[in-house]
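So the chains spell out like this:
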Amino acid sequence: AKIVTDVVCPFCGTLCDDLEVKVTDDDKQILEVYNACVIGTEKFLHSQAKDRLKVPMKQDEEGNWSEVSINEAVEYTAQMLAKAKKPLMYGWSSTNCEAQSIGGEIAELCGAVVDNTATVCHGTTLIAVQDVGVPSCTLGEVKNRADRIIFWGCNPAHAHPRHMSRYSIFPRGFFTGKGHKARKMIVVDPRTTDTAKMADIHMQLEQGRDYELLSALRVALRGAPLPEKVAGIPRETIIDAAETLKSGRFVVIFFGMGVTQSLSKNHNIDIAIMLTKDLNEHTKAAIMPMRGHYNVTGSGEVLGWQFGYPFSVDLSRGFARYNPGDSSSNDLLRRDEVDAVFVLGSDPGAHFPISSVKKIANLPSVCVDPHYTPTTAVCKLHMPVAFVGVEVGGCTYRMDAVPIHARKVVDAPEGMLTDEEFLKMVLKRIKEIKGVA
Ligand code: SF4
């Protein structure tokens, strides 16, 4: 056996790049995963599952599944996308940037809407950033400089398990030699999460009243009068939190879906960014979304450089339009505006509202994923592929928008295509069907 070092974990947006994986000498099997958290380890071990789907499967009208060849899978996908008037190409967050860019090319050629998982998580963040800009930083700067950390509407203890130990709370950095002893941690969450239990100040606000509490913190920073309670939090606690932040050398606000998907949505992030701006009048401050899928940031970057917009890009008129709420996946599905669905690197079957999932079930549809997922159950074709970050490398973007090259650790099962290879075959076939050079 041998050890592969400097492996990047392809699970969450923390993209830990210090993993070591013990593999057999023939590069076929993973024996042990070191340094990863429990969910990261599972991602590697899952690729070794004995019951892993290895051949494409097609569902007939009666709901019976049968094996098809890779060429048949390519043909079905290419015909579906080429013939559709307005296909939806959704997902992209659990694959590499190389595959994402081919997906964009196909979308442009077919007049598709291309959307990623930000549409149901940090899309509101992206809208807010377009509204008011964003003072941000890298996770390296957090480790080396930050001494005041806020986790707002997120629970890294469970969702990003090594975030606190690698970057935000525990590590000793260049200017943070005392590690967690010199850091103050504020958690804003209606629930008493495991992250909240570790906080110096836990502001257990009333559900959905983030905007008011963010406003109150801005008021407190200015030293202006506050009512007795805001969002269920006593005035003294708000003032204490504001003073704690002001007294720091470097404040970072990390925020998650508890605030991006609660009442006020992008306006919550607008004002959180304005709070960060206000804090910069007293000290240094930055703000960063806790991105979930390991390369959802990459999908936004790739769509950004291809079409100018980070998600919900409608190419059906031959040029890029962007209007979240109109050109976003669930809105299109709900209004019956798409006539085919292509899913890669995500699982809308598990995460979209049931009304949208039912719409997918009634359309020609393809699911490209290493796993058999709830999306598979409602799609007409499932194309299994290699695990990115385990069986194929590629470019990925961490939550702070730093690109990191993921490494291949073991070989994919024989004959298994990567996302990129499959998409290239589909693109080639679509060009033939459409008679494009
Ligand atoms: Fe992987 Fe995230 Fe765990 Fe790091 S924190 S090992 S990136 S799942």
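This part takes up the nonpolar core. Residues Leu 81, Ile 106, Phe 342 and Phe 422 are the most contacted members of the largest nonpolar core, which totals 35 residues. Where this core is concerned, the elements lending two or more residues are helix H2 (70-83), helix H3 (97-110), helix H13 (296-307), strand E17 (341-344), strand E18 (365-368), strand E19 (381-383) and helix H18 (419-434). Top contributing element to this core by residue count: H2, with six residues. For Phe 422, the contacting residues outside a window of four places in its chain are Ala 73, Val 74, Thr 77, Phe 342, Val 368, Met 383 and Leu 417. In this structure, Ile 150, Ala 231, Leu 279 and Ala 285 belong to the second largest nonpolar core, which totals 34 residues.

A few words now on helix H1 (residues 38-46). Listed as buried for H1 are Gly 40, Thr 41, Lys 43 and Phe 44. The buried residues of H1 occupy an angular sector of 155° when the element is viewed end-on, so they sit on one face. Packing partners of the buried residues in H1 comprise strand E1 (2-7), strand E2 (19-23) and strand E3 (30-34).

A few words now on the environment of Gly 393. Here Gly 393 shows up in the loop between E19 and strand E20 (394-397). Judged by relative accessible area, Gly 393 falls into the buried class, the value being 19%. Note: C-alpha distance between Gly 393 and Gln 79 (314 residues apart in sequence) is 29 Å. Those residues in contact with Gly 393 that lie beyond four places of it in its chain are Asn 96, Val 388, Ala 406, Arg 407 and Lys 408.

Of the voids in this model, the largest pocket is the one considered here, and its volume is about 990 Å³. Looking at the largest pocket, it is lined by 40 residues, and the ones nearest its centre are Phe 11, Ser 94, Gly 292, His 293 and His 351. Looking at the lining of the largest pocket, the elements that each hand over two or more residues are H1 and helix H15 (348-351). At four residues, H1 tops the list of elements feeding residues into the lining of the largest pocket.

Let us look at the site of the ligand. Around the ligand sit Cys 9, Phe 11, Cys 12, Leu 15, Cys 16, Ala 36, Cys 37, Ile 39, Gly 40, Pro 161 and Arg 162, and that is every residue in its neighbourhood. If you map the ligand onto the pockets, it falls in the largest cavity. Grouping the constituent residues of the shell around the ligand by class yields nine nonpolar, one polar and one charged.

Our focus in this paragraph is the side chain of Arg 148. Among the structural elements, Arg 148 can be located in strand E8 (residues 148-152). Arg 148 gets classed as buried once you look at its relative accessible area, which sits at 10%. Here Arg 148 is in contact with Ala 182, Lys 184, Thr 244, Leu 245, Ser 247, Gly 248, Phe 250, Val 251 and Val 252, once residues within four sequence places are set aside.

Another aspect to go through is empty space enclosed by the protein. Remark: the empty space left among the atoms is shown by a probe the size of a water molecule rolled over them. Per the counting criterion, the structure on display carries two cavities of 30 Å³ or more. Its volume calculated, the largest cavity comes out at about 90 Å³. Along the walls of the largest cavity sit 13 residues, with Cys 9, Cys 12, Cys 16, Cys 37 and Arg 162 positioned nearest its centre. For the lining of the largest cavity, the residue count by class is 10 nonpolar, two polar and one charged. In this structure, the second largest cavity occupies an estimated 40 Å³ of space. Forming the boundary of the second largest cavity are Trp 92, Gln 100, Val 114, Ser 299, Val 302 and Leu 303. Counting residues per element, the lining of the second largest cavity draws most heavily on H13, which supplies three residues. Of the residues belonging to the lining of the second largest cavity, the class tally is four nonpolar, two polar and no charged.

Here the focus is the domain arrangement of the chain. Per the domain assignment, the segments making up the chain are domain 1 (57-117 + 294-393 + 411-434) and domain 2 (123-289). On a C-alpha basis, the centres of domain 1 and domain 2 stand 35 Å from each other. With four residues of domain 1 at the contact, the number on the domain 2 side is four residues. Between domain 1 and domain 2, the buried area comes to about 300 Å², and carbon and sulfur atoms account for 73% of it. By the criterion of area lost to domain 2, the three top residues of domain 1 are Pro 310, Phe 311 and Tyr 322, representing 83% of everything that side buries. Here domain 1 and domain 2 share zero salt bridges between them.

The rules behind the values
Residues numbered from 1 in each chain as written. Predicted model: local features only at pLDDT ≥ 70, side-chain atom pairs only at ≥ 80, totals over all residues. Heavy atoms only, no water. Core = buried A, V, L, I, M, F, W, Y, C linked by side-chain atoms within 4.5 Å. Buried < 20%, exposed > 50% of the residue type's maximum accessible area, 1.4 Å probe, protein only. Helix = DSSP H or I, 4+ residues; strand = E, 2+ residues; numbered from the N terminus. Contact = heavy atoms within 4.5 Å. Arc of directions from axis to C-beta. 1 Å grid on protein atoms, 1.4 Å probe; cavity = no way out; pocket = protein on both sides within 12 Å on 5 of 7 lines; lining within 4 Å. Points joined across faces, edges and corners; volume = space filled by probe spheres on them. Near = heavy atom within 4 Å. Sits in = over half its atoms within 2 Å of the grid points. Nonpolar A, V, L, I, M, F, W, Y, C, P; charged D, E, K, R; others polar. Domains from an automatic or database assignment. Buried area = accessible area lost by both parts, 1.4 Å probe. Salt bridge = Lys/Arg side-chain N within 4 Å of Asp/Glu carboxyl O.

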